[in-house]
Amino acid sequence: MLRISALIVLIIVSRGAVSAQAPAPVRFQWQPGQTLTYKLVQRTRVEETTLNEKTQMPVTAESKTTLALTRRWTVKAVDPAGVATLEMSILQVRSEITQPDKSITVNDSENPEQAQQMAEYLNKPIVVVRVDSQGRLVEVKVAKGGSAARLHAELPFRMTLPDAGPAKGQGWERSFSMKLDPPHGTGESFEFAQKYACRDVKDGLMVVGVGTQLKAPPKTTSEQVPLVPMLWEGELYFNVNAGHYHAARLGVKAELKDHLGAGTKFEYESTYTEDVVAK
């Protein structure tokens, strides 16, 4: 009898030890009224070589774009399942576009006249979404001047979290699709796989590697052109203690040869940095 009692105690203690070693999974911690402000900068360079219609000689044109903006997410409500309704407003924006002829166009909300032209989408909610505690996009309710599909491809907070963990070295993934409408395609959809891996957790900050791939690339190179900007890879950062997305360091670089026939070429390079603004 004593041996049986001792065995029962041992089992209970062992189970308790296992439970203690399994911490709660990392989650977004939504609070009604909470605001999260981020500054982001995206720099993009596109170089395209085409053939002159008359001479059939290659002609190369390059354009560059720098977009810098500050955006704020406000948690309007959180339902019993932990799904938050969030509104996004743009507080500041500056874009600089360098055309192939080297002319430069700048639009800056710090300029009073240009700010008036931006009044329709500046300092007011232009995106309303529902996001769960794992960062998954549940619903796009409003997307003024944008695409709901794009929000599914590039998540509001750039990442999802796994069902359990994550621990260092753990991987997980998600899938999304992108539809190519004319003039880029004929309405077909292409599937992407976005893979994540927990690289480290230090001082309350989780570093997550991310890579994006097409599951089945289009048959023609020309159809790949509008899909290239979705192929982000790099690192994402999550504040484990505060329960929110912290920062991103992402990039895309691709070269597509003969996309418009022999001798043509399309080059795309873009970097994306985003950081939470401390309150």
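Residues numbered from 1 in each chain as written. Predicted model: local features only at pLDDT ≥ 70, side-chain atom pairs only at ≥ 80, totals over all residues. Heavy atoms only, no water.

**Quick notes on the overall build of the chain**
- A count of helical and extended segments in the chain gives four helices and twelve strands.
- Since a compact globule built from 279 residues should have a radius of gyration of about 19 Å, the 23 Å found for the chain marks it as more spread out than a globular shape.
- On the principal axes, the C-alpha backbone points of the chain span a range of 100 × 45 × 35 Å.
- Expressed as a percentage of its 279 residues, the buried residues of the chain come to 38%.
- Contacts in the chain between residues far apart in sequence, at least 24 positions, make up 57% of those at least 6 positions apart.
- Surface accessibility of the chain: about 15800 Å² in total, with carbon and sulfur atoms responsible for 53%.
- One finds the centroid of the 33 positive side-chain charges in the chain at a distance of 7 Å from the centroid of its 31 negative side-chain charges. (Helix = DSSP H or I, 4+ residues; strand = E, 2+ residues; numbered from the N terminus. Rg over C-alpha atoms; globule rule 2.2 N^0.38 Å. Buried < 20%, exposed > 50% of the residue type's maximum accessible area, 1.4 Å probe, protein only. Contact = heavy atoms within 4.5 Å. Areas by Shrake-Rupley, 256 points an atom, 1.4 Å probe, with all protein chains shown as cover. Lys, Arg positive; Asp, Glu negative; His and termini not counted. Charge placed at Lys NZ, Arg CZ, Asp CG, Glu CD.)

**Examining unusual backbone geometry**
- For the peptide bond that leads from Gly165 to Pro166, omega is 5 degrees, which places it in the cis range.
- The topology assignment puts Pro166 in the loop between helix H3 (148–153) and strand S7 (171–180).
- A positive phi angle is found at Lys102, which is not glycine, with a value near 75 degrees.
- Along the chain, Lys102 falls in the loop between strand S3 (84–98) and strand S4 (104–108).
- The residue Asp203 is not glycine, and still its phi comes out positive at about 55 degrees.
- Structurally, Asp203 can be placed in the loop between strand S8 (188–202) and strand S9 (205–214).
- Residue classification places Asp203 among the exposed positions, given a relative accessible area of 75%.

**Focus on the nonpolar core**
- Trp30, Leu86, Phe157, Met159 and Leu236 are the most contacted members of the largest nonpolar core, which totals 46 residues.
- Ranked by size, the runner-up nonpolar core spans nine residues in total, among them Leu180, Phe190, Leu227 and Met230. (Core = buried A, V, L, I, M, F, W, Y, C linked by side-chain atoms within 4.5 Å.)

**Focus: the environment of Met118**
- Structurally, Met118 can be placed in the loop between helix H2 (112–117) and strand S5 (125–131).
- Residue classification places Met118 among the buried positions, given a relative accessible area of 6%.
- On a C-alpha basis, the gap between Met118 and Val93 in space is 9.3 Å, while along the polypeptide they are 25 residues apart.
- Residue contacts for Met118: discarding those within four places in its chain leaves Val93, Asn107, Asp108 and Ser109.

**Some points on the pairing of strand S12 (residues 265–276)**
- Examined bridge by bridge, strand S1 (residues 35–51) and S12 share twelve bridges and lie antiparallel to one another. Across the sheet, residue Tyr38 finds its bridge partner in S12, namely Val276.
- Note: strand S11 (residues 244–257) against S12, eleven bridges, orientation antiparallel. Opposite Leu256, over in S12, you have Phe266 as the bridge partner. (Pairing = 2+ DSSP bridges.)

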